[in-house]
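Coordinate analysis (summary)
Residue-level listing of the chains:
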Amino acid sequence: MRKPIVDIEQLTAAVIDHYGKITHMEPVPDGMESFAFRVVISGKKYVLRVNHQAEGFEKDDFANRHFAAPGLPVPEIEAIGLLENGVAWCLSAQAPGVTLQDLPEAYLTAVTAPVAAVMQAMAAAPLQGITGFGPFNSRGETRHNSWKTYLESICREEHYDWHAAGKRVPLKRIRPLQEQLLQQLQDIPETRQLVHGDFGSNNVLTDGHKITGVIDWSEAMIGDSLYDMANIFFWRTWLDCMEYQARYFETQPVDKARLDCYQLHIGLTEVYQTAIAGDMDDMDWALVRCEHLAGISR
């Protein structure tokens, strides 16, 4: 999905209506589907983000209210609003530091243990008011009655339009991966923990010593917290920050079977999403990565 079209004057006017005069505003690196700015209002630093829909921002607010703790820093959401064209904006407290993705390589080893500690805090987060498994909405509602059912859904046409995706990705390469995933899922435990869903790079902030913020909870779900570690392992060859974290976790006792299973699920989801979006280079990379993980040579 392309980033929304934003009228900056309209955006700043909407924020001013809520909080007062903006004394500083500068663009910052942002996500694939959103814009972000650093702003200062009444001497306080904020991050102003803009996206097509408010749902992701509302999940950020849900995460702050339900999960934020000393060991799990989730920035507070100050305001969420809509512009005249329906585009959503969100003002949140600015956490200090930079993303793991932007952290100089010399500091990456030093933050591996703090990253692991935050993952442990997520796994231990209270889940009161949330039922079921899989992705939850801004009210804490999920669609699946088991973790296994959610993971299996990537193979089901009633949940994913693989026929449409097949116009860009050869389904003869997808089917063996789906079959292997379904086989690996036979022994997956029904664990209920908080899962960030996109953890480890540009959604984790650090000052080079500790983790200062965990942001963008739009993909958050309920399931096995090892899924977040699997995300790190899946993307390890793509980003240095993921590679350093993966090396750290390789020194710890890890259930490799579950880790392999979740990596394949992450990969199939990435292949599907990039195929639908027409991001062919990213799709090709993800597909080759899946086949490598599955032991399929071409």
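These numbers were taken from a predicted model, which means no experiment stands behind them.

Regarding the state of the cysteines
Summed over the entire model, instances satisfying the criterion amount to 0 disulfides. With no disulfide of its own, Cys261 lies 9.6 Å from the sulfur of Cys155, the closest cysteine sulfur. Accessibility expressed as a relative area gives 0% for Cys261, which makes it buried. Looking at the unpaired Cys290, the closest cysteine sulfur is the one in Cys155, lying at 11 Å. For Cys290, a relative accessible area of 0% translates into the label buried.

Focus: the pairing of strand S3 (residues 44-51)
Counting buried positions along S3 gives 6 out of 8 residues, so the element sits mostly inside the fold. Pairing of strand S2 (residues 35-41) with S3 involves 7 bridges; the strand directions are antiparallel. Residue pairing across strands places Arg38 opposite Val47, the latter belonging to S3. Turn length for the S2-S3 hairpin, with the two strands adjacent in sequence and antiparallel, is 2 residues, and the turn residue Ser42 shows positive phi of about 55°. By the bridge criterion, 6 bridges tie S3 to strand S5 (residues 88-93) in an arrangement that is antiparallel. Bridge assignment links Val50 to a residue of S5, and that residue is Trp89.

Some remarks on the packing of helix H9 (residues 256-277) against helix H10 (residues 280-294)
Between H9 and H10, whose axes approach to 8 Å, the crossing angle comes to 155°. Between H9 and H10, the angle is such that the two are roughly antiparallel. Between H9 and H10 the crossing geometry is left-handed. Contact residues: H9 offers Gln263, Leu264, Gly267, Leu268, Glu270, Val271, Thr274 and Ala275, while H10 offers Asp282, Met283, Ala286, Leu287, Arg289, Cys290 and Leu293. Here the residues of the contact of H9 with H10 sort into 9 nonpolar, 3 polar and 3 charged.

Cut-offs and rules
Residues numbered from 1 in each chain as written. Predicted model: local features only at pLDDT ≥ 70, side-chain atom pairs only at ≥ 80, totals over all residues. Heavy atoms only, no water. Disulfide = S-S within 2.5 Å. Buried < 20%, exposed > 50% of the residue type's maximum accessible area, 1.4 Å probe, protein only. Helix = DSSP H or I, 4+ residues; strand = E, 2+ residues; numbered from the N terminus. Pairing = 2+ DSSP bridges. Axes fitted to C-alpha atoms, helices over the stretch in contact; angles between N-to-C directions. Parallel < 35°, antiparallel > 145°, perpendicular 65-115°, else oblique. Left-handed = near helix turned anticlockwise from the far one by under 90°. Contact = heavy atoms within 4.5 Å. Nonpolar A, V, L, I, M, F, W, Y, C, P; charged D, E, K, R; others polar.

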